[in-house]
Structures are given as C-alpha cells and as structure tokens.
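Residues per chain, in single letters:
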Amino acid sequence: MSLKHDIEFTLNGVKRQASVDVTMNTLAMLRDVIGLTGTKYGCGEGECGACTIQVDGVSLNSCLMFAVDCDGRELTTIEGLANDSKADALREAFVEHGAVQCGFCTPGMIMQADHLLHKHPHADAECVKRGIEGNLCRCTGYKKIVDAIVAAEDGQRTAP
Amino acid sequence: MTELKHYFAPTSLDQAVECLKDGDVTILAGGTDLTPQSQAGRIRIKRTLMNIRHIPQLSGITLEGREIRIGTLATITEIMEHPLVRQHLPVLVEACNHFASDQIRNAATLGGNICNASPAGDTLIPLLLLDARVELASMPEAKLYRHSMPLATFFVGPGKTRRSLCELLTCVRIPLPGEGHVAHFHKLGTRPALDISTISIGIGGTLREGVLTNVRVAFGAVAPTPVRAARAEQALEGQKLDAAIIDRVAAIARDEVEPIDDVRATAWYRKEMIHNITRRMLTHVAQA
Ligand SMILES: Cc1cc2nc3c(=O)[nH]c(=O)nc-3n(C[C@H](O)[C@H](O)[C@H](O)COP(=O)(O)OP(=O)(O)OC[C@H]3O[C@@H](n4cnc5c(N)ncnc54)[C@H](O)[C@@H]3O)c2cc1C
Ligand code: FES
Ligand code: FES
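Residues numbered from 1 in each chain as written. Chains lettered and ligands numbered in written order. Predicted model: local features only at pLDDT ≥ 70, side-chain atom pairs only at ≥ 80, totals over all residues. Heavy atoms only, no water.

### What about the overall build of chain B?
For chain B, the count of helices and strands is 11 helices and 15 strands. Counting only C-alpha atoms, chain B reaches 60 × 45 × 35 Å along its principal axes. Among the 288 residues that make up chain B, the fraction classed as buried is 54%. Long-range pairs, those at least 24 residues apart, make up 61% of the contacts in chain B with a sequence separation of at least 6. On chain B, roughly 12500 Å² of surface is accessible, and the fraction owed to carbon and sulfur atoms is 52%. The centroid of the 32 positive side-chain charges in chain B is displaced by 2 Å from the centroid of its 30 negative side-chain charges. (Helix = DSSP H or I, 4+ residues; strand = E, 2+ residues; numbered from the N terminus. Buried < 20%, exposed > 50% of the residue type's maximum accessible area, 1.4 Å probe, protein only. Contact = heavy atoms within 4.5 Å. Areas by Shrake-Rupley, 256 points an atom, 1.4 Å probe, with all protein chains shown as cover. Lys, Arg positive; Asp, Glu negative; His and termini not counted. Charge placed at Lys NZ, Arg CZ, Asp CG, Glu CD.)

### Let's talk about the site of ligand 1
All names here are of chain B. In the vicinity of ligand 1 there are 31 residues, among which Ile27, Thr32, Asp33, Thr109 and Asp122 approach most closely. Taking aspartate 33, its side chain carries an N or O atom lying 2.6 Å from an oxygen atom of ligand 1. Here an oxygen atom of ligand 1 and a side-chain polar atom of asparagine 113 are 2.9 Å apart. Protein chains bury 92% of the 990 Å² of accessible surface belonging to ligand 1 in isolation. Going through the elements one at a time, β2 (25-28), α7 (110-116) and β10 (168-175) are the ones with two or more residues in the shell around ligand 1. Counting residues per element, the shell around ligand 1 draws most heavily on α7, which supplies 4 residues. The residue inventory of the shell around ligand 1, partitioned by class, reads 14 nonpolar, 10 polar and 7 charged. (Near = heavy atom within 4 Å. Polar contact = N/O pair within 3.5 Å; in protein donor to acceptor, adjacent residues only side chain to side chain. Nonpolar A, V, L, I, M, F, W, Y, C, P; charged D, E, K, R; others polar.)

### Quick look at the domain arrangement of chain B
Residues and elements named next belong to chain B. Domain annotation of chain B identifies domain 1 (6-51), domain 2 (56-175) and domain 3 (181-287). Each of domain 1 and domain 2 was reduced to a C-alpha centroid, and the two centroids are 18 Å apart. Taking both sides of the interface into account, the surface hidden between domain 1 and domain 2 amounts to around 1500 Å²; carbon and sulfur atoms contribute 66%. Summed over the three residues of domain 1 that lose the most area to domain 2, namely Leu13, Val17 and Lys21, the buried surface amounts to 36% of that side. Counting the contacts that link domain 1 with domain 2 gives 0 salt bridges. Where domain 1 meets domain 2, there are 3 residue pairs in polar contact (both at pLDDT 80 or more). (Domains from an automatic or database assignment. Buried area = accessible area lost by both parts, 1.4 Å probe. Salt bridge = Lys/Arg side-chain N within 4 Å of Asp/Glu carboxyl O.)

### Looking at empty space enclosed by the protein
Using the criterion set out here, one finds 1 cavity of 30 Å³ or more in the structure. Space inside the largest cavity adds up to approximately 40 Å³. In the lining of the largest cavity, the residues fall into 4 nonpolar, 2 polar and 2 charged. (1 Å grid on protein atoms, 1.4 Å probe; cavity = no way out; pocket = protein on both sides within 12 Å on 5 of 7 lines; lining within 4 Å. Points joined across faces, edges and corners; volume = space filled by probe spheres on them.)

### Some details on the pattern of salt bridges
Residue and element names in this part refer to chain B. The tally for this structure, following the rule as stated, stands at 21 salt bridges over all chains. The residue arginine 173 makes a salt bridge to glutamate 67 at a minimum N-O spacing of 3.4 Å. With arginine 173 in strand β10 and glutamate 67 in strand β5 (residues 67-71), the pair connects residues that are 106 residues apart, well separated along the chain. Glutamate 67 sits in the partly exposed class, given a relative accessible area of 26%. Residue arginine 216 is joined to aspartate 131 by a salt bridge in which the shortest nitrogen-to-oxygen separation is 2.8 Å. Residue arginine 216 is located in strand β13 (residues 211-220), and its partner aspartate 131 is located in the loop between α8 (124-129) and β6 (133-138); the two are separated by 85 residues in the primary sequence. Arginine 216 gets classed as buried once you look at its relative accessible area, which sits at 17%. One salt-bridge network, held together by shared partners, links Glu64, Glu67, Glu135, Arg146 and Arg173.

### Section: the packing of aromatic side chains
Residue and element names in this part refer to chain B. Under the definition given, this model contains 1 aromatic pair over all chains. On the basis of an interplanar angle of 70° and a centroid distance of 5.7 Å, the ring pair of phenylalanine 154 and phenylalanine 155 is categorised as edge-to-face. Grouping residues by exposure puts phenylalanine 154 and phenylalanine 155 together as buried. (Phe/Tyr/Trp six-rings, centres within 6.5 Å; stacked < 30°, edge-to-face > 60°.)

### Points about the packing of helix α10 (residues 243-256) of chain B against helix α11 (residues 267-287) of chain B
Pairs of packed helices are described in terms of their axes, by the angle between the two and the distance that separates them. All names here are of chain B. For the pair α10 and α11, the least separation of the axes is 8 Å and the interaxial angle reads 150°. In terms of orientation, α10 lies roughly antiparallel with respect to α11. The element α10 and its partner α11 pack so that their crossing is right-handed. The segment α10 lies against α11, with Ile246, Asp247, Val249, Ala250, Ala251, Ala253, Arg254 and Asp255 engaging Lys271, Glu272, Ile274, His275, Thr278, Arg279, Leu282, Thr283 and Ala286. (Axes fitted to C-alpha atoms, helices over the stretch in contact; angles between N-to-C directions. Parallel < 35°, antiparallel > 145°, perpendicular 65-115°, else oblique. Left-handed = near helix turned anticlockwise from the far one by under 90°.)

In structure tokens:
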C-alpha cells in the first residue's frame, strides 16, 4: 500500500483539502485527484512547460513538484487565470495574434506569460523569448506567441 | 531495504536533524531532481521523506562579517536577483543565468544542486572559484552540531558527497572576494535553454597589472565530480597573462582532464573544447 498524506492548500483562491500519495506529483494530483485537466502533461520531466502553474506567486513545472509540497501554499492554474479579468489582455492578444493552433501548449504558455509580465512589466521580445525558454510549442514557431505576449503588455500598459 | 513509511515536514532545524538520526531519510527541497529521479526509478525514496521547505533557518541570503551566507533553500532565481550576489558574486549570477528554464530556476534550490552532486551542476563551478564552504548540521548527541568543509573536498563521485546520512546541508558560505578579483564561467551545451552542460569552465583569481594570483580553474562535466585543475592553476599562478602563457595553460588543461564519451559528446571533443575555451577565456581576462 502506498503511503498517503492529507494536505490543505489554496487552489485558485479557494481552500482545498486532498489526500494524496506521498510520491505523487502535483500535476497528477491536479488532473487525477482534483479533476482539473487544463494543466497539461507533455513530458513529465521538466522539458516542455505544458504543466506550468503558479505557486506562491512564481511559475513552476507541476510535474517536478511533489503534491505533498503543496501543503499550506497558494496555487493558481489556468482555470483560475481564465476567470481572472487581469488576464483578459493576455487572452485577447493570443486570439488576436493567432498564437494558438492545436492549443496543447497554451495553458502552460499563458501561465508562464502571466508570471513573466508580472515580473517584467515592460518586457520586449527578447525578454519574452528568454522567459518562455522552458515552454515548447510544436505548432506556431513561437513568433505569434512572442508577438501576443508583447502586445498583451502594451495593451495592459495603455489600459486606463 | 525498507519502504516509504513516513512523510515529515519539520518547522525547525532541531526537528529536522533529530529526524535524520536514524539515517533512513530522503530529503526533499525543490524536488526538481528528486521528482523525475524517483518516478523513473533511478533512486528509491527511503523510509521517511522529509520536506525541509518550512524550516526558516534554511532560507535567506545575508552578509555575515566578511562572508555571504546563502541558505540551502535559496532558489536559483532568488540568488541571481539578490543585490548582494549581483554586487559581489557576478560569476554566480552568470552561471544561474544559464541554468535550465525560468520555471526550474524558480523551484530549484542551491542546496539541491550541491547535494545532487552532478559533475555538470551549474552552480558548482562558480562556487569552487569563490572558495565556498558548505555547512552541515546533525545531532550526534542531544544537541545540534554544525561543521563546515570546503566545497572543493565535498564531492566524491557522481551523486556522492561527504555528507553523512545523518547530516543536513544548511548553507553555503562564501568569503567576500577582494579587490581585483575576476571570475568567469562558460557553459557549453547544444542549445541555450534546458541543457545539461557538455562541459563548463570557470577561471578566477586576483588580477593586478596583468598578473594573475590566487588562481582557480575549475571544470564541470569532464570527470566524475566537478574538479579544480591543479596543474593549470599552478602554471598560471603569478604569471603575466601573455599569449605564450595562455597557450601553455590551455594545453596543460587539455592534458589534465580525463573526460568520458557519452551521449552529449566524445572525450576527444571535450578535451579540444577545454583547450579552446580555456584559451579564449584567458585571452578575455587578459584584455579586460
Ligand atoms: C529539465 C531539467 C533541467 C535541468 N537543468 C539544469 C541545469 O541547467 N543546470 C543544473 O545545474 N541543474 C539542472 N537541473 C537539475 C536540478 O534542477 C538542480 O540540480 C536543482 O538545483 C536541484 O535542486 P532541488 O531543490 O530541486 O533539489 P531536490 O530535487 O529537492 O533535491 C536534490 C537532491 O539533493 C538532496 N538535498 C536537497 N537539499 C538538501 C539538504 N539541504 N541537505 C542534504 N541533502 C539535500 C535531495 O535529497 C536530493 O537527493 C535540471 C533538472 C531538470 C529536470
Ligand atoms: S509535463 Fe511538466 S514540463 Fe513537460
Ligand atoms: S499550439 Fe500546438 S503546441 Fe503550441
């Protein structure tokens, strides 16, 4: 029998409890225990960024994080950001620039872009490229994604 | 062989070292090595999994006298953005800049990078150049006991260190570099992000009027551990950096290392790269 542990954390602004396998990773917990499947499994080893979430205000790969390590912390997933009007500019810029094709990388890309724009409110294309080095996209060739993130920032800056 | 029986998240250093007494404990920090390694079955989690995240004494970056103390839990991102590190230890910032991706830098801790003891660990080369010491805590009797050792003697082999099973790495201490200190790091990989070094090279010392003293030369991914290159250091010590000495030292460095062939590169290629990049870096130092 695998060892279980009860944890309590904040998920997208709501207090949650879960009983998780001690060796389980956070991505598996989100998808299989909680049932939030917006966060994607691409590689399971930190290479692709499809599983990117935010924990205590920074972005990280949920596949590289033990689920028990969520205890007492604050998690935001794509489902949380989707309901947050602060992310409207980013979402609209992705649509406008055609930065989504198959969409598999998009949740991770948006979570990382949101973190990046928080940290670098004046990010230019170079800064955005560095910021998304850990996110792979097999479809778009990145240019549209970079354009969208830069534009989202311009949009936010000029917004009233 | 025991199976995983307990999960423990201590909130004080005393609790943590007390728990380590039985020696059958796997320590969890950021988890960026431990998660993939345990899931792929490359390592087995011991009887207790101990998460050290909630121990306040293990975080923070501070100036203590003439030393910079970096807590084991400091993340790569925290290190590269910290004003003390940026001011006094730019070579460490340089190495952190080439480390994995933003997401991994946000999670990965310095102590995890050191204790994982990969010959290609990116922070290890700059820490060797900077004469860093590692501090370890344990509880042999009823009281907390701390001791420290130079990082240069800490590594034993891939994934192996002199840390005993009852010890916890608490922090790294780095003496403030003196005036005229120069240090550079170069990582060679096949793509800029998320790459394990094919080789990495660090060169440091005190430069006065073109003469280099207190020389440190260190290489990553050319031996079972990160290594200092004693013969290259000796050949450089007290020398004026002219073209002849730079050529000589580059050749010594190439002959001194004994890398292996692996999926990332052949031994021959690594030796040639050690030669060429050592020469390039020394030329760069001489021109600065
Ligand atoms: C996709 C990917 C890319 C990577 N790229 C790089 C790279 O470019 N450069 C690089 O150097 N590394 C890289 N790594 C490796 C890894 O991210 C680093 O080694 C990281 O610093 C490990 O820190 P952590 O806190 O995540 O460690 P953990 O996974 O929590 O722990 C690592 C090991 O150290 C032990 N440990 C941790 N803290 C302590 C302590 N205080 N006392 C005693 N033992 C301890 C653990 O028991 C474990 O054995 C990469 C990893 C992945 C998955
Ligand atoms: S699934 Fe986590 S980085 Fe690929
Ligand atoms: S849109 Fe298909 S992977 Fe990025």
